[in-house]
Amino acid sequence: MTLLAFDWAMIIEKLILIVIIVLTTLLITLYTTFGERKVAAILQDRPGPNRAGPFGLLQPLADGLKLIMKEEIIPTSASKWLFILGPGLAMTASLMTSAVIPWGTEIHLFGRTIELQVADINIGLLYVFAVVSMGVYGIMIGGWASNNKFSLMSALRAASQAISYEIAMGLALIALLMSTGSLSLKTIVADQVTGNWWNVVYQPLGFLIFFICAMAECNRTPFDLPEAENELNFGYHQEYSSMKLGFYLFAEYVNMIMSSAIMASMYFGGYDLPFFDESTVAPNIAAIIGVGTLLIKIVLFVFLFMWIRWTIPRFRYDQLMNLGWKKMIPLALINMLITGAFILSKL
Amino acid sequence: MQALTNKSIAVNRSPMTIWERLYLINIIKGMLITFSHMFKKQPTVRYPEQKREFSPVFRGLHVLNRDEEGRENCTACGLCAVACPAEAITMEAAERQVGEEHLYKEEKYAAKYEINMLRCIFCGLCEEACPKDAIYLSETFAPANYTRKGFIYDKNDLLIPNTLTNATELAKAKGVEA
């Protein structure tokens, strides 16, 4: 009966944690769409959505309801199962990143120590990298299965864009890995909490490269070529309607939140509240403060994403490729070289 | 070519410096511009709660006028219909019967008077053409409607409330229209 000699409570604990994280992420995402519209409006001297509920706070619910009520259309020439699989895959891939993000230290409850991280795997960074590159499958499958020229073009663009920027992103991550010496996100964050500076101080160029690549991976303006309205109509989700379209749009925002969380964890100290000694308060309260801090950092990053989106116009395709291959990759390589030189000089 | 004015500014086509080619600085500059817009005053008029005032010469929805004794001014002469460039006005005349003197000012009156608000261009030529001070353009506009038929306003929609018998309603109508 070795199978039963297993910490079943841990399974339940992790399951609850997963459900909480996924639900919270979806809720935050719901309001990120609202936040996007509000930020866009405020940056353009408009009031933004303000009709549904107080300050328009029910607007995302109204948007969601509208999407659900729309007719579900599957084009006759579409590859049916792939067509359905596409949005689900996009959503799953973007939610999967949340597994390795350390949301806080640990909570002591019912005599158990619950870590606020679903899985502390020792290859956390690699996992993130792998999941990020999976995200392109949702777009590619959706675009291909639509059997529409625009969708296919857009899927091709998305794939080439993702591949181009993943290289620079990976190189930036290698530099980070060199300076931290660990692939586990938990260790990376813990190192930043305990006295050391945040990693962004050691890796400013790496952070910049990672940030730009994250923006490209999320298909956010100025890198939103896959859904360029003026040349590809609506890109890979052109044939989609109802909640399948909603999933694609939603996945973009989940991606944004997840990459914000990753960036906050890797470069900005994760759940570390600066100039505050966590050991002075009870561990549970410290953990909650940590979660709040991480959420605030995520919100700030998401705001930065939106701010950039409503400032900078879209790149042209050749500019995008130029930036990716001729600027980002050499820069990332130089960054790696500098990091290596620093490490050697410290030895 | 000689410039017509000295207002034109020559486009700077000199090659970009290294700072300009880095883009980052210019991107940050642009982002600061958008950020500064967060604190600017919004010109938005929050419509149903807040209404922008019309100018004093605004030409809105028509009203059919009454005299001080509450009788209809319109004699169905048809000058407004003739003046109307959009041919929005139709009317049918009728003769005033004995005992109807308190209703109509003169011997002839409009039995039917319709204005199609979808055709009307609110030019105010009917107002200018009217010899009896019977038609005026007020300061409201035609509200939205679900059907085309709903935009054909008949006499009941256009006539202002009777001064004598319905003073409160008139005041209310004036208050709304003011």
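Basis of the calculations
Going along each chain's sequence as written, the residues are numbered from 1 onward. Working convention: letters from A go to chains and numbers from 1 go to ligands, in the order in which they are written. Confidence filtering applies because this is a predicted model: local features only for residues at pLDDT of at least 70, side-chain atom pairs given and counted only at 80 or more, and all residues used for totals across whole chains, interfaces and linings. Strands are runs of DSSP state E lasting at least two residues, helices are runs of H or I lasting at least four, and both sets are numbered from the N terminus onward. The globule rule is 2.2 Å times the number of residues to the power 0.38, and the radius of gyration it is compared with is taken over C-alpha atoms. Contact between two residues is assigned when their C-beta atoms, built from the backbone, lie within 7 Å. With C-beta atoms placed from the backbone, the exposure class of a residue follows from how many other C-beta atoms lie within 10 Å of its own: 20 or more, buried; 12 or fewer, exposed; in between, partly exposed. Following the grouping adopted for this structure description, the nonpolar residues are Ala, Val, Leu, Ile, Met, Phe, Trp, Tyr, Cys and Pro, the charged ones are Asp, Glu, Lys and Arg, and the polar ones are all others, Gly among them. Two strands pair under a simple rule: DSSP has to find at least two bridges between them. A fitted line through C-alpha atoms serves as each axis, taken over the contacting stretch for helices, and the angle formed by two N-to-C directions is quoted from 0 to 180°. The cut-offs work like this: below 35 degrees is roughly parallel, past 145 is roughly antiparallel, 65 to 115 is roughly perpendicular, and the gaps in between are oblique. Each residue after the first adds 1.5 Å to the expected span of a helix. Here the bend at a residue means the angle between the axes of two seven-residue stretches, the one that ends at it and the one that starts at it. Each crossing gets its handedness from the near helix: less than a right angle anticlockwise from the far helix is left-handed, clockwise is right-handed. Buried Ala, Val, Leu, Ile, Met, Phe, Trp, Tyr and Cys residues form a nonpolar core when they are connected through C-beta atoms within 7 Å. Looking at any residue, its pLDDT shows the predictor's confidence there, from 0 to 100.

### Considering the overall build of chain A
Alright, step 1. Per the secondary structure count, chain A includes 12 helices and two strands.
Alright, step 2. Mapped from its N terminus to its C terminus, chain A presents α and β elements in the order α-α-α-β-β-α-α-α-α-α-α-α-α-α.
Alright, step 3. A compact globule built from 347 residues would reach a C-alpha radius of gyration of about 20 Å, and chain A, at 21 Å, matches this within 12%.
Alright, step 4. With the C-alpha coordinates aligned to their principal axes, the bounding extent of chain A is approximately 60 × 55 × 50 Å.
Alright, step 5. Partitioning the contacts of chain A with sequence separation of at least 6, the portion at a separation of at least 24 is 80%.

### Considering the overall build of chain B
Alright, step 1. When helices and strands are tallied, chain B shows six helices and five strands.
Alright, step 2. Going from the N terminus to the C terminus, chain B shows its helices and strands as α-α-β-α-β-β-α-β-β-α-α.
Alright, step 3. The C-alpha radius of gyration computed for chain B amounts to 28 Å, which surpasses the reference 16 Å derived for 178 residues by more than 25%, pointing to a less compact arrangement than a globule.
Alright, step 4. Each principal axis of the C-alpha distribution contributes one length, and for chain B these read about 95 × 45 × 30 Å.
Alright, step 5. For chain B, the proportion of its 178 residues judged to be buried stands at 15%.
Alright, step 6. For chain B, contacts bridging at least 24 residues in sequence account for 72% of all contacts bridging at least 6.

### Things to note about the interface of chain B and chain A
By a widely used convention, the size of an interface equals the accessible area lost when the partners come together.
Alright, step 1. Residue-level contacts link 11 residues of chain B with 11 residues of chain A.
Alright, step 2. Its residues assigned to classes, the side of chain B that touches chain A shows five nonpolar, five polar and one charged.

### Quick look at the sheet that holds strand β3 (residues 108-116) of chain B
Strand pairing in a sheet is mediated by backbone hydrogen bonds. Such pairs are either parallel or antiparallel.
Alright, step 1. Pairing is antiparallel across the open sheet formed by three strands, whose spatial order is β2-β3-β5 (chain B). In this open sheet, the two strands that pair with only one neighbour each are β2 (89-95) and β5 (152-153) of chain B.

### Observations concerning the packing of helix α5 (residues 149-180) of chain A against helix α12 (residues 317-346) of chain A
The description of two packed helices rests on the angle between their axes and on the distance between the axes.
Residues and elements named next belong to chain A.
Alright, step 1. Following both chains from N to C, one finds α5 and α12 inclined at 10 degrees, their axes separated by 8 Å at the closest point. The orientation of α5 with respect to α12, classified from their angle, is roughly parallel.
Alright, step 2. Broken down by class, the residue content of the contact of α5 with α12 amounts to 18 nonpolar, seven polar and one charged.

### Comments concerning α12 of chain A
Residues and elements named next belong to chain A.
Alright, step 1. Look at α12: 42 Å from first C-alpha to last across 30 residues, which is about the 44 Å you get at 1.5 Å a residue.
Alright, step 2. The sharpest bend along α12 measures roughly 30 degrees and falls at Met328, with the proline Pro330 sitting one to four residues further on.
Alright, step 3. Within α12, the full set of buried residues consists of Leu320, Leu323, Gly324, Met328, Ala332, Asn335 and Thr339.
Alright, step 4. Its buried side turned inward, α12 meets α5 and α8 (204-217).

### A look at the packing of helix α10 (residues 242-267) of chain A against helix α11 (residues 283-309) of chain A
Residues and elements named next belong to chain A.
Alright, step 1. Where α10 contacts α11, the two axes come as close as 8 Å, and the packing angle between them is 120 degrees. One finds that α10 runs oblique with respect to α11. Note on packing geometry: the crossing formed by α10 with α11 is right-handed. Contacts between α10 and α11 involve Met256, Ile257, Ser260, Ala261, Met263 and Ala264 from the former and Leu294, Lys297, Ile298, Phe301, Val302 and Phe305 from the latter.

### Quick notes on the environment of Thr194 of chain A
Residues and elements named next belong to chain A.
Alright, step 1. Relative to the elements of secondary structure, Thr194 occurs in the loop between α6 (185-193) and α7 (199-202).
Alright, step 2. According to the C-beta neighbour criterion, Thr194 is exposed, with 9 such atoms within 10 Å.
Alright, step 3. Placed 31 residues apart in sequence, Thr194 and Ile163 show a C-alpha to C-alpha distance of 36 Å.

### Here's the deal with unusual backbone geometry
The phi torsion of most residues other than glycine is negative, and most of the peptide bonds are trans.
Alright, step 1. Of note, Asn147 of chain A is a non-glycine position whose phi angle comes to about 55 degrees, a positive value.
Alright, step 2. Locating Asn147 of chain A in the fold gives a position in the loop between α4 (124-145) and α5.
Alright, step 3. Classification of Asn147 of chain A as partly exposed rests on a count of 16 C-beta atoms within 10 Å.
Alright, step 4. At Glu87 of chain B, a position not held by glycine, the phi torsion is positive, near 55 degrees.
Alright, step 5. With respect to the element layout, Glu87 of chain B can be found in the loop between α3 (79-83) and β2.
Alright, step 6. Residue Glu87 of chain B is classed as exposed on the basis of its C-beta count, with 11 C-beta atoms lying within 10 Å.

### Some words on the nonpolar core
Nonpolar side chains in soluble globular proteins tend to be buried together.
Alright, step 1. If you look at the biggest cluster of nonpolar residues, it comprises 86 residues, and the most contacted ones within it are Ala168, Ala172, Cys213 and Met215 of chain A.
Alright, step 2. Residue contributions to this core peak at 15 residues, all from α10 of chain A.
Alright, step 3. The residues contacting Ala168 of chain A, other than those within four sequence positions of it, are Ile209, Cys213, Gly324, Met328, Ile329 and Ala332 of chain A.
Alright, step 4. Ranked by size, the runner-up nonpolar core spans 18 residues in total, among them Cys80, Tyr109, Ala110 and Tyr113 of chain B.

### A word on the environment of Thr113 of chain A
All names here are of chain A.
Alright, step 1. Structurally, Thr113 can be placed in strand β2 (residues 112-115).
Alright, step 2. Under the C-beta neighbour-count criterion, Thr113 is labelled exposed, with 11 such atoms within 10 Å.
Alright, step 3. As a C-alpha pair, Thr113 and Leu58 span 55 residues in sequence and 37 Å in three-dimensional space.
Alright, step 4. When near neighbours in sequence (up to four residues on either side) are disregarded, Thr113 contacts Glu106 and His108.

### Some details on the pairing of β3 of chain B
All names here are of chain B.
Alright, step 1. In this sheet, β3 lies alongside β2 in antiparallel orientation, the contact comprising seven bridges. Each residue of the ladder has a partner; that of Thr90, found in β3, is Glu114.
Alright, step 2. By the bridge criterion, two bridges tie β3 to β5 in an arrangement that is antiparallel. Bridged to Asn116 within β5 is Ile152.

### Here we look at the confidence of the model for chain B
Alright, step 1. In this model, chain B carries a mean pLDDT of 84, and residues with pLDDT of at least 70 account for 90%.
Alright, step 2. Scoring the predicted complex yields pTM 0.77 and, for the interface, ipTM 0.72.

### Section: the environment of Gln44 of chain A
All names here are of chain A.
Alright, step 1. By the element assignment, Gln44 lies in the loop between α1 (8-43) and α2 (59-69).
Alright, step 2. Here Gln44 falls in the partly exposed class, since 14 other C-beta atoms lie within 10 Å of it.
Alright, step 3. For Gln44 and Asn196, which are 152 residues apart along the polypeptide, the C-alpha to C-alpha distance reads 40 Å.

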